[in-house]
Amino acid sequence: MQMTERLEPALRDGTAGRKWRLGRDRGLLTAAGVLVVLASIILSVSATPLSYYDISQIVSSGTPLAIAGMGQTLVILSGGFDLSAAAVISLVNVSLAALPPDAVTSPVLLLLIGIGIGALVGMVNGALIAFLRLQPIVVTLATMFILQGATLLVMDKPGGVIDASLGEFMGSEVIPGFLPMTGALILACLALWYWLKATPFGIALYAVGGDADSARSAGIATRRARFLTYVLAGGFYGLAGVCVSGQTGAGDPLVGNPMLLQMFAAVVVGGTLLGGGRGGLTGTVIGAFVLVLMVNILLILNVSAYYSTIAESTILLLAVLMGALHRRSELAENLRRAGTRFSAWREGVLARQRTTDVKRLALPRRADGVPADGVRVFGEGQGASLIQRLGRSRPAILLALPAFISFAVVLLATEFMLGNTLLNGNYYNTLLVLSCFLAILALGQGAVILTGGLDLSLPWTIALAGILVSGMAAGSNVELIYAVPFVLLVGALIGLINGTGIVLLGLSPIVMTLATNGFLQGTALIYSGGTPDGFAAPLLRSFMTQRVFGVTPVVIFLGLFVLAAVVLLGRTAFGRRVYAIGNSARAAALSGVPVKRTVVMVYMLSGLCAALVGILLSGLSGQASLGMGDEYLLPSIAAVVVGGTLITGGRGNYAGMLGGVLLLTALQTLLAGTTFPTSVRSIVYGVVILTAVIALRERR
Amino acid sequence: MKRILKTTAMLAGLAAAALGIAAPASAKEGKFKVFLSMSYIGNDWQAEAANMLKAMAVSPGMIDKIDLQVQVAGPNAQKQIQQINSMVQAGADAIVVYPISPTALNGAVKNACAKGVLVIAYDSIITEPCAYNVHIDQRDWGTKSAEWLVQQLGGKGRIVMINGVPGTTVDALRIEGAKEVFAKHPGIQIVGEANGMWSQAVGRTELSKILATRNWDQIDGLWTQVGCYTANSMQNEAGIADKDLRPCVGEASNGGRIQMLPIGTEVEGANGTYRPMGAKRWSSGSQNFTGALALKLAVKKLQGGDIPALTNVPQNIVTNDTIKLCKEGTWKEMSEGCNAFQPAIIPNPGWFASIYSPLTPEVGLQAALVGQPED
């Protein structure tokens, strides 16, 4: 668990001083080792020898990812999460391309404009996060949508020209035959970082990420440190955008978007821990180049197209697994523990092998059921009045309320703008049918997020489930009897693999689930041969599309699902364990919570939910298609966090997530009914999310 | 450090062995080394186009001339830039590319041209002047489709637009062409617009959102890039009879083509709404054979022939007047005018049926399905 180790580096940084330790730099060294191995494979196997020119080109194409990754690392070190990073790159790219020809012909000026735009966005993010104390992931999610809209406003399709001077500048050599300009930029950023790290800001950054409360108590200006982090990170993204622009010489409103997940992968491969406090920017640069070299490796190895995501994921996993092969790693720890348990079992001294004699303190009970010491035992609420019960769940209600209030506002706005809403049964039915996918995903993704993880394998779990269920049922109802349980089992199995990798091997959830997603994509392509066939069974189709007394059957199912989900997270031992782990994995473990088993179960739940969505989605569409899960990853995270769940874990409930789902779906429905251009819709979407969380934020 | 390196090397070796990777392909004597850089492989259109291209590469006239190696860049332009660079480095004679971005690759393409490598793009566009392009005129797609819809509606009616992926050139050009036509007819009113992302599944959810506050009585026609098959299915679910289906404009999915056949046409393997409905349709697609054609042109150029900088592939517009069911789907049969395939052969209604070109007799239905050239 990354959570448990979060405090240590901050302490070590403070006490161990400048003494060099292998343990602290292990992540960095591992990444460097992997990079060296990949590079030597390329150098030795390549058909034609690589010249300085080829290498400088590899450096150039990796530079945007490396620099943007550095910015993201700063945010992650501070304990945050920045989803707007890739959108900044696109915005800078189109802004530079939209400048009138010959208006700015100085590369330095273009560089400053780009960095300026990035820093400006960073200031907005930073102000909202540091001074209004909003969750980084919600704020940056909202700004991501706003920036994407703004990007489309500037340029709705690829085009424009970026002054040639920038391309020449980026392609120039600082030391001819030795150091290209892009390489020099990376080195300059690293130099800036090593200087920053030694300043009070650098120390504050690690301290805030390690433990914000302790940092504040120790007299560190945490708000200023956070604010500065986002401004700096924004500057890095801006610079990355300028590098992209120099390379491409023109604008493309979508150029940055796919870099987001890659950026996170680069950060994690580089040895920085999610959740903050440990890692550094050098590792990220190396991590970025590990990812970049994969293109060359796949080319050299001539991996066939359908297998390419599988090969890529394998390399990614192996690269990160290196970090798990040392004496103090999670894996070694697990093996040692298993060994100890085994020898204890042989000696017969395991706790459960002992005959236990339950000894409870016999406390005299009062008539109203409250023990004599006056401590109310949790769960013994039979005697409590409704008011008392409500009072007890007040924090939970407060957490869920903002999403529902915003939902109501969106409903009113829909009535006002489109009419035929508030009293229209069809509207609610459609809304609930469309919400069911996100509502189901939110349970799985939400539980994962509560334990401080993230499940990025949803898209291809959904697609594979849809393809399997349609292929097996092939348009017949009887086959559903075994197809549905089988596919749900596959979903749970995918979760089991995710959970095992995370718990037993100690891999970062981001890397593990990203790799699983790649494996699943390859599997789906190979299984379907590129064209999935078969039909959803008629029963499944009617379940999703027919109306019985004006209500689609899935809506009833959704109601039952919501009840079950609320009970599962709020009223069962499993649910309480999830929260306990999210609050502190170590504290939970010490209190006897089976942390590992629970985490594995959480990922299984997520896999199960994704498989269920795949089945239902194929029922709605009538058949499965390859990319059918692609549109659900970000919304699943968005719904969970807009509903009040803390991405760093431990806080949130299903009612809130459901509110988030309803809000987002209703908002999309409202926007789809208008004829606003995409740019405006995206901006409205972001602004509504932002206003909702600002206006209804928790006040201290 | 040394130990880490050692384990790393060991594991990397293991990985290579586990994946069963063969020794790097070296160009055989006398063969052109051609690379294909695909963008995203996770959708039906791309998979089908790649199948056709692979079939072309192993067709009798080609198999002795080229050595084709396929790589996937995913949706990331940065990655494709590097892929093109490393293909040039690996000694490519020609690079066939599905460009992720019309502009972002320009630097890499220019560099490839400078090194004497032929770069040819299919379906989408590369704006760098030294690259060759093979695609349909997307703006014209928008204009023609909109004109047909306006004519069907008699110049008056409320329409819904389901667009593609916002921010792409293809989407922008199609919308531009269509809206220009709609603007000329004041009787045409656009009542809803959504991004269908060129996916039947997304098209369905977006159309449902539009219909949450409206009903079908308030919609007279649909202009979609991908989504007519789904729209017709939804109308059926809402109790609208086949003969009252709203006229719809869209891509060339086989499901949509089958729905265009007159009611009562005998087809094998019909299922649900994947059946002849006599639906009023205009169907034309981004052609799936453009990749195969690009490869053919590249080889022609490598052999010293002349090819135009832009091969503007004519559209293959199918309306209710020209719809015709194929028996087997050989190239010869398609050249005689058939343009829809039996559901029994194509179980996926989302499969794209725009595979015929008089310029590519090497590839037919088997090419699109399993990558086998015509005999």
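Residues numbered from 1 in each chain as written. Chains lettered and ligands numbered in written order. Predicted model: local features only at pLDDT ≥ 70, side-chain atom pairs only at ≥ 80, totals over all residues. Heavy atoms only, no water.

**Section: the overall build of chain A**
This is how it is decided: In DSSP terms, a helix is any run of H or I states spanning at least four residues, a strand is any run of E spanning at least two, and both are numbered starting from the N terminus. Relative accessibility under 20% of the residue-type maximum defines a buried residue, over 50% an exposed one, and the middle range a partly exposed one, all with a 1.4 Å probe and only protein chains included. Pairs of residues are marked as contacts when any of their non-hydrogen atoms sit within 4.5 Å. Computed by Shrake-Rupley with a 1.4 Å probe, the accessible areas treat only the displayed protein chains as cover when residues are assessed.
Of the regular secondary structure elements, chain A holds 29 helices and two strands. For chain A, with 700 residues in total, the buried portion stands at 58%. The contacts of chain A with a sequence gap of at least 6 include a subset with a gap of at least 24, amounting to 79%. Of the roughly 27,800 Å² that chain A leaves accessible, carbon and sulfur atoms contribute 67%.

**Describing a nonpolar patch on the surface**
The condition that has to hold: Only residues above 30% relative accessible area that lack a salt bridge enter a patch, with like-charged residues linked at up to 9 Å and the nonpolar side chains Val, Leu, Ile, Met, Phe, Trp and Tyr linked at up to 5 Å. Criterion for a salt bridge: a side-chain nitrogen of Lys or Arg within 4 Å of a carboxyl oxygen of Asp or Glu.
Among the surface-exposed residues, Ile397, Leu398, Leu401, Ile405 and Val409 of chain A lie close enough to one another that they form a single nonpolar patch of about 410 Å² accessible area. You can see Val409 of chain A is positioned in helix 17 (residues 394-418).

**Considerations on the packing of helix 13 (residues 281-301) of chain A against helix 14 (residues 308-321) of chain A**
Geometry of a packed helix pair, given as the angle between the helix axes and the separation of the axes. Residues and elements named next belong to chain A. The condition that has to hold: For helices, the axis comes from a line fit to the C-alpha atoms of the stretch in contact; other axes are also lines fit to C-alpha atoms, and the angle between any two N-to-C directions lies between 0 and 180 degrees. Oblique is the label for any angle not covered by the other classes, which are roughly parallel (under 35 degrees), roughly antiparallel (over 145) and roughly perpendicular (65 to 115). For any helix crossing, the convention is left-handed if the near helix is rotated counterclockwise from the far helix by under a right angle, and right-handed if that rotation is clockwise.
Between helix 13 and helix 14, whose axes approach to 11 Å, the crossing angle comes to 130°. As far as their axial angle goes, helix 14 and helix 13 are oblique. Between helix 13 and helix 14 lies a crossing of right-handed hand. Contact residues: Leu291, Met294, Ile297 and Leu298 in helix 13; Ser308, Ala311, Glu312, Ile315 and Leu316 in helix 14.

**Considerations on the pattern of salt bridges**
All names here are of chain B. Taken as a whole, this structure holds 17 salt bridges over all chains when the rule is applied. Two residues, Asp140 and Lys144, come together in a salt bridge whose shortest N-O distance is 2.7 Å. One end of the pair, Asp140, and the other, Lys144, are both in helix 5 (residues 138-152), four residues apart, so they sit about a helical turn from each other. When its relative accessible area of 35% is taken as the criterion, Lys144 is described as partly exposed. Ionic pairing is found between Lys296 and Glu362, a salt bridge with its closest N-O pair at 3.0 Å. One end of the pair, Lys296, is in helix 10 (residues 290-302); the other, Glu362, is in the loop between helix 11 (331-335) and helix 12 (365-370), and 66 residues separate them in sequence.

**Looking at the side chain of Glu333 of chain B**
All names here are of chain B. Counted only if it meets this: In protein, a polar contact requires one atom able to donate a hydrogen and another able to accept it; more generally it is a pair of N or O atoms within 3.5 Å, and residues adjacent in sequence count only if both atoms are side-chain atoms.
Relative to the assigned elements, Glu333 resides in helix 11. Polar side-chain contacts of Glu333 include one of 2.4 Å to the backbone nitrogen of Lys327. Polar contacts involving the side chain of Glu333 include one to the main-chain amide nitrogen of Gly329, which spans 2.8 Å. Every residue in contact with Glu333, bar those within four places of it in the chain, is listed here: Cys326, Lys327, Glu328 and Cys338.

**Here's the deal with the domain arrangement of chain A**
Residue and element names in this part refer to chain A. Note the threshold: How far each domain reaches was decided by an automatic or database domain assignment. By buried area we mean how much accessible surface two parts lose on assembly, using a 1.4 Å probe and totalling the loss over both.
Taken domain by domain, chain A comprises domain 1 (3-14 + 23-326) and domain 2 (432-650). A C-alpha centroid distance of 30 Å is found between domain 1 and domain 2. With 27 residues of domain 1 at the interface, the matching set in domain 2 holds 32 residues. When the two sides are added together, the surface that domain 1 and domain 2 hide from each other amounts to roughly 2,600 Å², 81% of it contributed by carbon and sulfur. Between domain 1 and domain 2 we count zero salt bridges in total.

**Side note on unusual backbone geometry**
A negative phi angle is the norm for most residues apart from glycine, just as the trans form is the norm for most peptide bonds. All names here are of chain B. A positive phi angle, close to 55°, is found at Met197, a residue other than glycine. Within the secondary structure, Met197 is located in the loop between strand 7 (188-195) and helix 7 (200-212). The backbone of Trp198 shows a phi angle near 55°, a positive value even though the residue is not glycine. When you line up the elements, Trp198 lands in the loop between strand 7 and helix 7. We classify Trp198 as partly exposed; its relative accessible area is 31%.

**Some points on the sheet that holds strand 7 of chain B**
Residues and elements named next belong to chain B. Our working rule: What makes two strands pair is DSSP finding at least two bridges between them.
One open sheet accounts for six strands, arranged 7-6-8-9-10-12; its pairing is mixed. One side of each edge strand has no neighbouring strand; the edge strands of this open sheet are strand 7 and strand 12 (318-319). Helix-sheet contacts for helix 6 (residues 169-184) involve strand 6 (157-163), strand 7 and strand 8 (221-224), and the interaxial angle to strand 6 is about 170°.

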